[in-house]
Amino acid sequence: RSGLLAPLPTLHTASVLTTPLPAVSDLQEEGKNAIDSPLFPALLDIHPEDTLLEENEERTMIDPTSKENPKFKELVKVLVDWVNDVLVQDRIIVKQLEEDLYDGQVLQKLLEKLAGCKLNVAEVTQSEVGQKQKLQTVLEAVRDLLRPHGWAPQWTVDSIHAKNLVAILHLLVALATHFRAPIRLPEHVSVQVVVVRPGLLLAAALRVSRAFCLCLGCPACLSVPVGFQKREGLLHSSHVTEELTTTTEMMVGRFERDAFDTLFDHAPDKLSVVKKSLITFVNKHLNKLNLEVTELEAQFADGVYLVLLMGLLEDYFVPLHNFYLTPDSFDQKVHNVAFAFELMLDGGLKKPKARPEDVVNLDLKSTLRVLYNLFTKYKNVE
């Protein structure tokens, strides 16, 4: 802009008179384009055949603003890290879910690792047909695993192969939940999805670039990966909210509601009374080791107090080599809590409803459930 606004050099009268008028208009047009071009990027050259949607075909993409949501970013990161942890021995590194999982290769390895099975598929497939055949086999195996537990698949072979990130996230969330992955999925993650399908007249010609919205101005369509055009130029776009995660308990769906669900939902004012009773109970025993609890979810999160409490309640010494006395990582804390759960089972208690990961992640309801389980059995122990 500074170049356009800078003073023009002095011109001789003869030069001005002999300058063709089109050159002046070209200069003005060039200046206008230079100023306006950052706001209107150039159209992409897209072959018409690549932008056609059939009569019943639809395509989806995530609203760019949803992709910037911190909880959405956290969900993607947690799932990427989890997949990489599962496949670390296979030396597989996933960086971008939609680019690395669409062909079925990584999904095959992931499912085989999680389920401890071997799928009858070709190891490497380059053709689209071969990739979809592999995906079909993998997703059928997933369906057989999840169907008895009430999961309704929100993905298809075509959506996964089309690099539909929403479908891929639905699949990974289902797998992580079913196999009780040692991760904490962020709760209540939703995204706005733009759905493009044949319908209303689209005010665009044969080319639609990433910079222009399919619905005449909506910023959501800035993420359109390719142009779209129905064979007769008719398209319609709509926006829907896609729920990727709910609450941990609803996703797992593994237990019926209990008194703590009712307490949290309908009587939160009585929560402090329950916490106080449980704190009194645990301190009655931990005080013997000169230990004291004031914050249940925080002080039991590393599993140390839980292990020591079990030893006190059952009247035995827990060898220090069986757990981490000063855990400094998530895995070490999970080990401690899981070990405490084993001690509870050995003591005749039922398997805790909570997962070790839930306790480590400072989930108060999970911690209360575990401690109340102990309270009901050992409340009269001196």
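For the protein chain, the name recorded in an unreviewed UniProt entry is Beta-parvin, with Galemys pyrenaicus as its organism. We quote the UniProt Sequence similarities (unreviewed entry) comment for the protein chain here in full: "Belongs to the parvin family."

Side note on the confidence of the model for the protein chain
Residues with a pLDDT of 70 or more make up 67% of the protein chain, whose mean pLDDT is 75. Mean pLDDT values for the elements of the protein chain range from 42 in helix α2 (residues 13–18) up to 93 in helix α15 (residues 304–314). Counted against residues more than four places away or in other chains, residues 200–232, with its pLDDT under 50, gives 86 contacts.

A closer look at the environment of I92
With respect to the helices and strands, I92 occurs in the loop between α5 (70–86) and α6 (97–101). Non-local contacts of I92, meaning those with residues more than four positions away in its chain, are made with N84, L87, V106 and K109.

A word on a nonpolar patch on the surface
Residues F317, L320 and L325 make up a contiguous nonpolar surface patch of roughly 340 Å² in combined accessible area. On the secondary structure map, L320 appears in the loop between α15 and α16 (330–346). On the accessibility criterion, L320 (48% relative accessible area) is partly exposed.

Quick look at the packing of α15 against α16
Remark: α15 packs on α16, axes separated minimally by 8 Å, with the N-to-C direction vectors making an angle of 20 degrees. Relative to α16, the element α15 lies roughly parallel. The chirality of how α15 crosses α16 is left-handed. Residues V304, L306, V307 and M310 of α15 pack against N336, V337, F339, A340, F341, L343 and M344 of α16. Looking at side-chain class alone, the contact of α15 with α16 contains 10 nonpolar, 1 polar and no charged residues.

Topic: the pattern of salt bridges
This structure, assessed with the given rule, holds 7 salt bridges. For the salt bridge of K132 with E128, the shortest nitrogen-to-oxygen distance reads 3.4 Å. Here the residue K132 and the residue E128 both occupy positions in helix α8 (residues 128–146), the gap between them amounting to 4 residues, near one helical turn. A residue is classified by how much of its surface remains accessible, and E128, at 47% relative accessible area, is partly exposed. D144 is the partner of R143 in a salt bridge, and the nearest nitrogen-oxygen pair spans 3.6 Å. When salt bridges with common partners are traced through the structure, they connect E128, K132 and D158 into a single cluster.

A word on the packing of aromatic side chains
A full pass over the atoms with the stated rule returns 3 aromatic pairs. Between F281 and F375, the ring centres sit 5.4 Å apart and the planes meet at 90 degrees, which makes this aromatic pair edge-to-face. Taken together, the residues span a long stretch of sequence, with F281 in helix α13 (residues 271–286) and F375 in helix α18 (residues 364–378) at a distance of 94 residues. For F375, a relative accessible area of 24% gives the class partly exposed.

Rules used in this analysis
- Residues numbered from 1 in each chain as written.
- Predicted model: local features only at pLDDT ≥ 70, side-chain atom pairs only at ≥ 80, totals over all residues.
- Heavy atoms only, no water.
- UniProt positions renumbered as here; feature names shortened; annotations may be inferred.
- pLDDT = per-residue confidence, 0-100.
- Helix = DSSP H or I, 4+ residues; strand = E, 2+ residues; numbered from the N terminus.
- Contact = heavy atoms within 4.5 Å.
- Patch = residues over 30% accessible without salt bridge, like charges linked within 9 Å, V, L, I, M, F, W, Y side chains within 5 Å.
- Areas by Shrake-Rupley, 256 points an atom, 1.4 Å probe, with all protein chains shown as cover.
- Salt bridge = Lys/Arg side-chain N within 4 Å of Asp/Glu carboxyl O.
- Buried < 20%, exposed > 50% of the residue type's maximum accessible area, 1.4 Å probe, protein only.
- Axes fitted to C-alpha atoms, helices over the stretch in contact; angles between N-to-C directions.
- Parallel < 35°, antiparallel > 145°, perpendicular 65-115°, else oblique.
- Left-handed = near helix turned anticlockwise from the far one by under 90°.
- Nonpolar A, V, L, I, M, F, W, Y, C, P; charged D, E, K, R; others polar.
- Phe/Tyr/Trp six-rings, centres within 6.5 Å; stacked < 30°, edge-to-face > 60°.

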